[in-house]
Amino acid sequence: MADTKKKSATRSAAPESAAKPTRRQNAEKGFTASPTLTANLQSVLADLIELSLQGKQAHWNVVGRNFRDLHRQLDEIIAAARTFSDTVAERMRALHATADGRSSTIAKTTSLPPFPAGEVSTEETVGLITERLETTVATMRDVHDQVDEEDPTSADVLHAIIEKLEQFAWMVSAESRTPAGR
């Protein structure tokens, strides 16, 4: 019986060759984002979080013709923005950077203009959401080259997000367009 206890104790003890905690919260060794890369990804994160919040504000308060379709389309944009913000934040963490999604930080650092309070017509919402999608894309395009220079993998993340947000901008803006040449 004493031998059984001794073997159990030996198995549960970590071998001496086990990985030791690092100064980076026990993270594996690897590429670490510079302050510039961190700031660039944080600016993208702030705009994506704000886009999801403003999208929800629009979703709750849009009224008018084609309400239901726009209401549902806003849900798609909101879901995508939330997923994208999570992707960017997790990419930052993988690079040993700290993501800051606190409401006070987002309010201070987003490049998106404030969304109006109260009910907003579908026609006005189309313009407002298109502008916010394009502003979020502009932030990503502004930081892209610096991000790509330091970390092409993070730039690839931005590419995928840009593609989808530009598609949303096209689809939303088409709600208020008239056919060309007519």
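Here's what I pulled together on the structure shown here. (Residues numbered from 1 in each chain as written. Predicted model: local features only at pLDDT ≥ 70, side-chain atom pairs only at ≥ 80, totals over all residues. Heavy atoms only, no water.)

1. Structural notes on the pattern of salt bridges
Note the threshold: Any Lys or Arg side-chain nitrogen located within 4 Å of an Asp or Glu carboxyl oxygen qualifies as a salt bridge. Numbering of helices and strands starts at the N terminus; helices are DSSP runs of H or I of at least 4 residues and strands are runs of E of at least 2.
Considering all chains together, one arrives at five salt bridges under this definition. Note that Lys56 and Asp75 form a salt bridge whose closest N and O atoms lie 3.3 Å from each other. Taken as a pair, Lys56 in helix α2 (residues 35-61) and Asp75 in helix α3 (residues 67-94) lie far apart in primary sequence, 19 residues in all. Among the salt bridges present, the one from Arg102 reaches Asp100, with a minimum N-O distance of 2.8 Å.

2. Examining the packing of α3 against helix α6 (residues 152-173)
The angle between the axes and the distance between the axes are what describe a pair of packed helices. Spelled out, the test is: An axis is simply a line fitted to the C-alpha atoms; with a helix, the fit covers only the stretch in contact. Between two such axes, the angle follows the N-to-C directions and lies from 0 to 180 degrees. To sort the angles, those under 35 degrees are grouped as roughly parallel, those over 145 as roughly antiparallel, those from 65 to 115 as roughly perpendicular, and the leftovers as oblique. Throughout, a contact is declared for two residues whenever any of their heavy atoms are within 4.5 Å. Polar here means any residue other than Ala, Val, Leu, Ile, Met, Phe, Trp, Tyr, Cys and Pro, which are nonpolar, and Asp, Glu, Lys and Arg, which are charged; Gly is therefore polar.
Their axes nearest at 11 Å, the elements α3 and α6 cross at an angle of 170 degrees. As the angle between them shows, α3 and α6 are arranged roughly antiparallel. Each of Gln73, Glu76, Ile77, Ala80, Phe84, Thr87, Val88 and Arg91 in α3 lies in contact with α6, whose residues at this interface are Thr153, Ser154, Val157, Ile161, Lys164, Leu165, Phe168, Met171 and Val172. Of the residues that constitute the contact of α3 with α6, the class distribution is 10 nonpolar, four polar and three charged.

3. So, the environment of Pro35
Keep this limit in mind: Relative accessibility decides the category of a residue: with a 1.4 Å probe and only protein chains considered, values under 20% of the type maximum give buried, values over 50% give exposed, and everything between is partly exposed.
Within the secondary structure, Pro35 is located in helix α2. The exposure class assigned to Pro35 is exposed, which follows from its relative accessible area of 71%.

4. Some points on the environment of Glu76
Summarising the element assignment, Glu76 is placed in helix α3. Counting along the chain gives 92 residues from Glu76 to Phe168, while the straight-line C-alpha distance between them is 9.0 Å.

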